[in-house]
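Each chain, letter by letter, is given below.
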Amino acid sequence: MTRPVAVWWVKRDARLTDNACLVEAERLGLDVLPFFCFEPSLLAADDTSDMHTNAQWQALSGLRTTLRKHNADVVIAHGEAVEKLAKLHARVPFTHLLSHEEIGNEITFRRDRAVAAWCRERGVAYQEFPQSSVRRSGVNRDRLQEMWRSRIANARPLPVPAIHQSDTLRQLAAATTFPRLQAFSVNSHWQPVSEADGLNTLDAFLTHRGRSYRGGISSPNTAFTAGSRLSVHLAWGTLTARQVWHAVRERLAALDPDDPQSARWKQSLQAFLSRLHWRDHFTQRLESEPALEFQTLHPCYRDLQFENNEQLHTAWRDGCTGYPLVDAVMRCLAATGFVNFRMRAMVVSFACHVLHLDWRLIHPHLARVFRDYDPGIHLNQLQMQAGVVGWNAIRVYNPTKQLTDWDSECRFVKQWVPELQDTTPEHIINAKSVSGYPGPVVPFTERAKWMASQLYAKRNSPEAKASTTAIYLKHGSRKKERVSRRKRPSKSVPPKKTQTRGLFDDLPDE
DNA sequence: ATCACTTTTCG
DNA sequence: GAAAAGTGA
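Below or above, wherever it landed, is the structure these notes cover. (Residues numbered from 1 in each chain as written. Chains lettered and ligands numbered in written order. Predicted model: local features only at pLDDT ≥ 70, side-chain atom pairs only at ≥ 80, totals over all residues. Heavy atoms only, no water.)

1. Overview of helix α4 (residues 81-91)
Thinking step 1. Among all positions of α4, only A81, K84, L85, L88 and H89 are buried. Looking straight down α4, one finds its buried side chains confined to an arc of 140°; they lie on one side. For α4, the exposed residues set more than 90 degrees away from the buried face come down to E83, K87 and A90. (Buried < 20%, exposed > 50% of the residue type's maximum accessible area, 1.4 Å probe, protein only. Helix = DSSP H or I, 4+ residues; strand = E, 2+ residues; numbered from the N terminus. Arc of directions from axis to C-beta.)

2. Regarding the side chain of T423
Thinking step 1. Inspection of the secondary structure puts T423 in the loop between α20 (411-416) and α21 (425-429).
Thinking step 2. Excluding anything up to four places from it in sequence, T423 contacts K414, I428 and V434. (Contact = heavy atoms within 4.5 Å.)

3. Remarks on the sheet that holds strand β4 (residues 96-100)
Thinking step 1. Read from one edge to the other, the open sheet built from five strands follows the order β3-β2-β1-β4-β5, with strand pairing classed as parallel. The strands lining the two open edges of the sheet, one partner per strand, are β3 (75-78) and β5 (125-129). The mean inter-strand angle of the sheet, taken between neighbouring strand axes irrespective of direction, is 25°.
Thinking step 2. Two strands pair when backbone bridges link them, and strand β1 (residues 5-10) and β4 are joined in this way by three bridges, in the parallel orientation. Bridging from a neighbouring strand, V7 pairs with L97 of β4.
Thinking step 3. The sheet strands contacting helix α3 (residues 50-69) are β1, β2 (31-38) and β3, and the helix crosses β2 at an angle near 160°.
Thinking step 4. Here α4 sits on the sheet and contacts β1, β2, β3 and β4; the angle it forms with β2, its principal contact strand, is near 145°. (Pairing = 2+ DSSP bridges. Axes fitted to C-alpha atoms, helices over the stretch in contact; angles between N-to-C directions.)

4. Some words on the side chain of H246
Thinking step 1. Tracing the chain through its elements places H246 in helix α12 (residues 241-253).
Thinking step 2. Among residues more than four places away in sequence, those in contact with H246 are I152, A153, A155, R156 and P157.

5. Notes on the packing of helix α8 (residues 195-207) against helix α13 (residues 262-288)
Thinking step 1. The geometry of α8 relative to α13 is characterised by a closest axis approach of 11 Å and an angle of 140° between their N-to-C directions. In terms of orientation, α8 lies oblique with respect to α13. Facing α8, whose interface residues are F205, L206 and T207, α13 presents W265, L269 and F272. (Parallel < 35°, antiparallel > 145°, perpendicular 65-115°, else oblique.)

6. Overview of the packing of helix α14 (residues 310-318) against helix α17 (residues 359-369)
Thinking step 1. Axis separation between α14 and α17 bottoms out at 11 Å; the angle between their running directions is 25°. As far as their axial angle goes, α17 and α14 are roughly parallel. As α14 packs across α17, the resulting crossing turns out to be right-handed. Of α17, the residues touching α14 (which contributes H313, W316 and R317) are L361, I362, H365 and L366.
Thinking step 2. Residues of the contact of α14 with α17, tallied by class, amount to four nonpolar, two polar and one charged. (Left-handed = near helix turned anticlockwise from the far one by under 90°. Nonpolar A, V, L, I, M, F, W, Y, C, P; charged D, E, K, R; others polar.)

7. Looking at the environment of K414
Thinking step 1. Following the sequence through the fold, K414 ends up in helix α20.
Thinking step 2. Assessed through its relative accessible area of 17%, K414 is described here as buried.
Thinking step 3. Taking C-alpha positions, K414 is 59 Å from G29, a pair spaced 385 residues apart along the chain.
Thinking step 4. The residues contacting K414, other than those within four sequence positions of it, are L420, Q421, T423 and I428.
Thinking step 5. A distance of 2.7 Å separates a polar atom in the side chain of K414 from the backbone oxygen of T423. (Polar contact = N/O pair within 3.5 Å; in protein donor to acceptor, adjacent residues only side chain to side chain.)

Purely geometric stuff here, so don't read any function into it on its own.
Here it is in structure tokens:
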């Protein structure tokens, strides 16, 4: 009467919809036992924080609630994965271990390898299923479009299959409880993470909020509602890119051409889809080049010396640089775990180009204050904004210009930097001294120019130029041919039509 | 000539 | 991204 058991090892995929592990268990006709492990070695990592552990706890709590409606439950463990799996195996001799293919940092990769080795030793069939278009260990970027088409665009999200779980298994799972961790206390500033919250967020974006996406995501005052807010769900796997992609495509197809609002919706949703696709481009780069967690993709920057002044680092981290928008963003992140892309890019640019801090030095803190921390996205964006990828122009964000452009009334600044509560916007923007708020820790223009010159000097060395092409071919975008443009078209030439941007042109984000 | 806006180039 | 260059009223 007892069927063989497949353990579904839940990691960043605490959801029932579009879950290949559950579908596979059903296909094999196995009982399924979901298993989640809070791992001390991961909890202690310098890029992990309570914000992340709390997200996983919420996702898992949601999963448990849903599973119970299916008359099933999840085993919750606290300990190292191999050790806990072995202990479970002694109790329930499962034949299969199913999990999603995680593109993470070195710690999770090594952990996955150790689990695979344990499975081989024990004769447990271990299978990992991709949950994005990223190809494991694949480096051929020419085939990425094809991967996206076959895995995302031309494949429907998987429906929730029947879940078979014996009473014995269910009782065993139900008896396991959450470990007592500080991270599990509720913080109302943090965005909720669960499959149900993910679906609600997606729905609200597609029915109301999404209209303002285009034009709304740049300002920190509007981005909290105009942004999709799906990043946490994609990061922790309470939604998949495939679910989101198809939901957005359906919404686009359903737009009423007679509705004057439709044009705006269309622009917004297409801009969003483009970014959704870019996620995988970056994740693929980390999968192909895991060393970029520790060193720059381009060799010419590896011997670059950074000032790494500890006072400047602390001032940046705590939001005390004397640059109001930078400080507001750092404090907002620490409190909420979220801010829009542009503001994140600005604080990275500021730390690297103005404070002269190594991107590896600022990496752990940022990872910890991003509730949507996803190593593939984070590490690539970090290197890109630090200007060490090699082929993009070096982007230096001017915090004063950003303030004028996106928070000219200083609403966001005042919300997070109460010292400036009673100061007028003009006063703040012109950096007049305010008692109780520090002046600029370092001068912007001079320091930014100096760092840019350092970076360009590295890049322009003949050896560097030689390797740039090779690296670009391996890791750059495939979409647009890099045609050398005519310097100055003659007057007689018919006006060239403005090149319409495709979804995947080499202009990530803003 | 000037202004507002877009495109191109690039420490 | 920012600045310079271009465009068209």
